[in-house]
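The residues making up each chain are set out below.
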Amino acid sequence: MKTFYIETFGCQMNVHDSEKVIGTLLAQGYSQVETPEDAELVLYNTCSIRDKAEQKVFHRLDQFKRHHEGKVIGVLGCVAQQEGEHIFERAPHVSLVAGSASYTKLPEMLVQLEAGNRRVTGLSLDTDATFDTPYTRRDNPHRAYITIIEGCDKSCAYCVVPFTRGPERSRTSESVLDEARGLAAQGYTEIQLLGQNVNSYRDPSERGWDFARLLRAVGEIDGIRRVRFTTSHPRDFVKDIIDAIDENPALCNHVHLPVQSGSSAVLERMQRLYTRGEYMRRIEWIKNAKRNIALTTDIIVGFPGETEAEFQETLDLLDEVGYDSLFSFKYSRRPNTAALALADQVSEEEKGRRLTVLQERQRAIQIRRNAELVGAIEDTMVEGYNHATGQWIGRTSQNRTLNFTHAVVPTPNGQTLVGGYLPVRVTRAGPNSLAGEVVL
Ligand code: SAM
Ligand code: SF4
């Protein structure tokens, strides 16, 4: 029996790619082990969105420099695509380098490795195919990811994704719906539709569906109680998506709409293709919806040339929108990107200061936003049990963590609430989560 170990870095797209890679390896007769020491084939599915993520991978590879006898080591994902064959120079004990656009060829690459080839590559971005495989080993028995579009056709000045994941390729609506129906039949109740920019989804079949149409259809599948989607791009986000959410409670009342900056001048330098005003129009649609839709975002601080006044505009935007949560990052210089040519780099120290100021401002907003929910009854999906606090861990449709008490506790014979949905009354709110009690 051939054994493999895989470690995944980065976003949900990578996590889901790994699920597909694992499924493919199992179908080829491999078995998965828990540690790299126990494995014959060691795979790293890598992320290169920021320099730190990339360094982590090389650190892992360094650990194998001396003790790799009998092992085949492979680098998959975004660092593989970005660095290509340079990885063999930097880490000569690596035998496989393959980007996500080549995973359809994984079985052939495995055959080459098994034949003893020590320089196997899959680096072409020249593909119309999406990595659509019948072999997916999913991690979670209740919530499943489905890729609807791969790659990205935007060219944000800071971002490596168009270089590491190639041009946009949408899957047919029929294959997305088949996968979703199959998951519902297996007992999955939550589906997350994935893509770097799901809003630019366009069904390549005769139907020609746009994203909102696909979203509606997935929301109508029997047995699917929750549908989420990520990531949206403000330029391609249309009001019909909000209308769809208003029509069907199975579509979660949460939109992640990355803004990156509150300054139109910075947005222009970032080549984001919208102004602050255009972004705020989309926020108005969301706020005017019938349902109470949670809003989250991504922010980059210290983009080249960002002045103190421009940074202040981002802080003002946080107040104006009142985000329920956000991811914030210090700008990181990435290979091949347009922003490398921009002058006026912001110092690391100043980026750090801005990040702290931004996170403190957001913390205060979150405390206020979460407190508004005290007294509300939320439909809550049970995700686990925390033995230390004696609380069940739940998630609301708005994607908030809601920990709650219940007379039922897990037992050694397997009694559990995990995977079910319960009404929970919110009794307390903190900056990052809510607490409550089940309503019986
Ligand atoms: N496609 C999505 C989008 O358009 O928002 C996600 C792209 S990326 C995986 C997630 C986030 O990482 C981005 O929204 C951005 O805030 C951040 N990011 C991307 N490149 C970055 C860079 N060079 N430095 C810092 N943050 C970056
Ligand atoms: Fe990167 Fe921009 Fe594409 Fe998102 S939309 S993946 S930030 S280039």
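Placed above this text is the structure.
All values derive from a computational prediction rather than experimental measurement.

## Brief notes about empty space enclosed by the protein
Here is step 1: Counting across every chain of the model gives 1 cavity of 30 Å³ or more.
Here is step 2: The wall of the largest cavity is formed by His-16, Lys-20, Phe-131, Asp-132, Thr-133, Thr-136, Thr-147, Arg-171 and Glu-179.
Here is step 3: Residue composition of the lining of the largest cavity, grouped by class: 1 nonpolar, 4 polar and 4 charged.

## Observations regarding the site of ligand 1
Here is step 1: With respect to spatial proximity, 15 residues lie near ligand 1, and among them Tyr-158, Gln-196, Gln-260, Asp-298 and Ser-332 are the closest.
Here is step 2: Tyr-158 places a polar main-chain atom, nitrogen or oxygen, 2.9 Å from a nitrogen atom of ligand 1.
Here is step 3: At 2.6 Å from an oxygen atom of ligand 1 is found a side-chain nitrogen or oxygen belonging to Asp-298.
Here is step 4: Compared with its free state, where it exposes 560 Å², ligand 1 has 91% of that area covered by protein.
Here is step 5: Mapped onto the shell around ligand 1, the elements with two or more residues apiece are β13 (294–301) and β14 (325–330).
Here is step 6: Of the residues that constitute the shell around ligand 1, the class distribution is 6 nonpolar, 4 polar and 5 charged.

## Things to note about the sheet that holds strand β7 (residues 143–147)
Here is step 1: Taken in spatial order, the 3 strands make up an open sheet running β7-β10-β11, and their pairing is parallel. The two strands at the open ends of the sheet, each matched to only one other strand, are β7 and β11 (226–230). Averaged over all adjacent pairs, the angle separating strand axes in this sheet is 20 degrees, with direction ignored.
Here is step 2: Across 5 bridges, the pairing between strand β10 (residues 190–194) and β11 is parallel.

## Some words on the nonpolar core
Here is step 1: Counting 68 residues, the largest nonpolar core has Ile-148, Leu-193, Phe-211, Val-218, Phe-229, Val-255 and Tyr-323 as its most contacted members.
Here is step 2: Top element by residues in this core is helix α8 (residues 211–219). It accounts for 6 residues.
Here is step 3: Leave out the neighbours within four places in its chain, and Val-255 touches Phe-229, Phe-237, Ile-242, Ile-245, Ile-286, Ile-293, Ala-294, Leu-295 and Thr-296.

## Digging into the side chain of Asp-17
Here is step 1: For Asp-17, the position within the fold is in helix α1 (residues 12–27).
Here is step 2: With residues near it in sequence (within four places) discarded, Asp-17 still touches Asn-45, Ser-100, Tyr-103, Phe-131 and Arg-165.

Reading the values: the criteria
Residues numbered from 1 in each chain as written. Chains lettered and ligands numbered in written order. Predicted model: local features only at pLDDT ≥ 70, side-chain atom pairs only at ≥ 80, totals over all residues. Heavy atoms only, no water. 1 Å grid on protein atoms, 1.4 Å probe; cavity = no way out; pocket = protein on both sides within 12 Å on 5 of 7 lines; lining within 4 Å. Points joined across faces, edges and corners; volume = space filled by probe spheres on them. Nonpolar A, V, L, I, M, F, W, Y, C, P; charged D, E, K, R; others polar. Near = heavy atom within 4 Å. Polar contact = N/O pair within 3.5 Å; in protein donor to acceptor, adjacent residues only side chain to side chain. Areas by Shrake-Rupley, 256 points an atom, 1.4 Å probe, with all protein chains shown as cover. Helix = DSSP H or I, 4+ residues; strand = E, 2+ residues; numbered from the N terminus. Pairing = 2+ DSSP bridges. Axes fitted to C-alpha atoms, helices over the stretch in contact; angles between N-to-C directions. Core = buried A, V, L, I, M, F, W, Y, C linked by side-chain atoms within 4.5 Å. Buried < 20%, exposed > 50% of the residue type's maximum accessible area, 1.4 Å probe, protein only. Contact = heavy atoms within 4.5 Å.

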